[in-house]
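A closer look at the structure
These are the residues of each chain, in order.
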Amino acid sequence: IKRKSFNKFENGEKRKKETILLTARNLFGRYGPRKTSLDELARTAGVAKVTIYNYFENKDGLYLVCYFSSEDKSEALTNLAMIRRDNNASAWLLKK
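Anyway, here's the lowdown on the structure attached to this text. Since this is a predicted model, take the numbers as computed values, not measurements. All residue numbers refer to positions counted from 1 along the written sequence of the respective chain. With pLDDT at 70 or above as the cut-off, local features in this predicted model cover only qualifying residues; side-chain atom pairs require 80 or more to be listed or tallied, and sums for whole chains, interfaces and linings still use all residues. Side-chain figures throughout are based on the complete set of non-hydrogen atoms in the structure, without hydrogens or water.

1. Here we look at the nonpolar core
- We define a nonpolar core as any set of buried Ala, Val, Leu, Ile, Met, Phe, Trp, Tyr and Cys residues linked to one another through side-chain atoms lying within 4.5 Å. For the exposure calls, accessible area comes from a 1.4 Å probe over protein chains only, and a residue counts as buried if that area is under 20% of its type's maximum, exposed if over 50%, partly exposed in between. In this structure, Ile20, Leu41, Ile52 and Leu62 are the most contacted members of the largest nonpolar core, which totals 15 residues.
- At the level of secondary structure, the elements contributing two or more residues to this core comprise helix H1 (2-35), helix H2 (38-45) and helix H4 (59-68).
- No other element matches H1, which puts five residues into this core.
- Here leucine 62 is in contact with Ile20, Leu21, Ala24, Phe28, Leu38, Leu41, Ile52 and Phe56, once residues within four sequence places are set aside. Put simply, DSSP marks the helices as runs of H or I at least four residues long and the strands as runs of E at least two long, and each gets a number from the N terminus on. Residue contacts follow a heavy-atom distance rule, with two residues in contact if any of their heavy atoms lie within 4.5 Å.

2. Looking at the pattern of salt bridges
- Any Lys or Arg side-chain nitrogen found within 4 Å of a carboxyl oxygen on Asp or Glu counts as a salt bridge. Applying the stated rule across the entire model yields one salt bridge.
- The partner of aspartate 39 in a salt bridge is lysine 49, with the nearest N and O atoms 3.4 Å apart. Of this pair, aspartate 39 sits in helix H2 while lysine 49 sits in helix H3 (residues 49-55); the two residues are ten residues apart in sequence, bridging distant segments of the chain.

3. Observations concerning the environment of cysteine 66
- Turning to its location among the elements, cysteine 66 is positioned in helix H4.
- Sequence-wise, cysteine 66 and leucine 22 are 44 residues apart; in three dimensions their C-alpha atoms are separated by 8.2 Å.
- Apart from residues no more than four positions distant in its own chain, cysteine 66 is found in contact with Leu21, Ala24, Arg25 and Phe28.

In structure tokens:
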């Protein structure tokens, strides 16, 4: 019986993370990473902002996860470099 409860918890957590990712992709695609706030993302996804931090280190990390799941990784790195205002996005990513 405990195993079933644990599976329900795991499924709920997985759905929550997927909801955050889907919402983030939508907002990043619509407004871009600079204009998308984590507050807006949390509100739109129906989760607390702290929940986002439970899954992702920061907005940069969330952005990379969203777009490393997609086909255009070079665009993600270019956009991240622009957000971070440096050309060191690749080095930053490799540290993670």
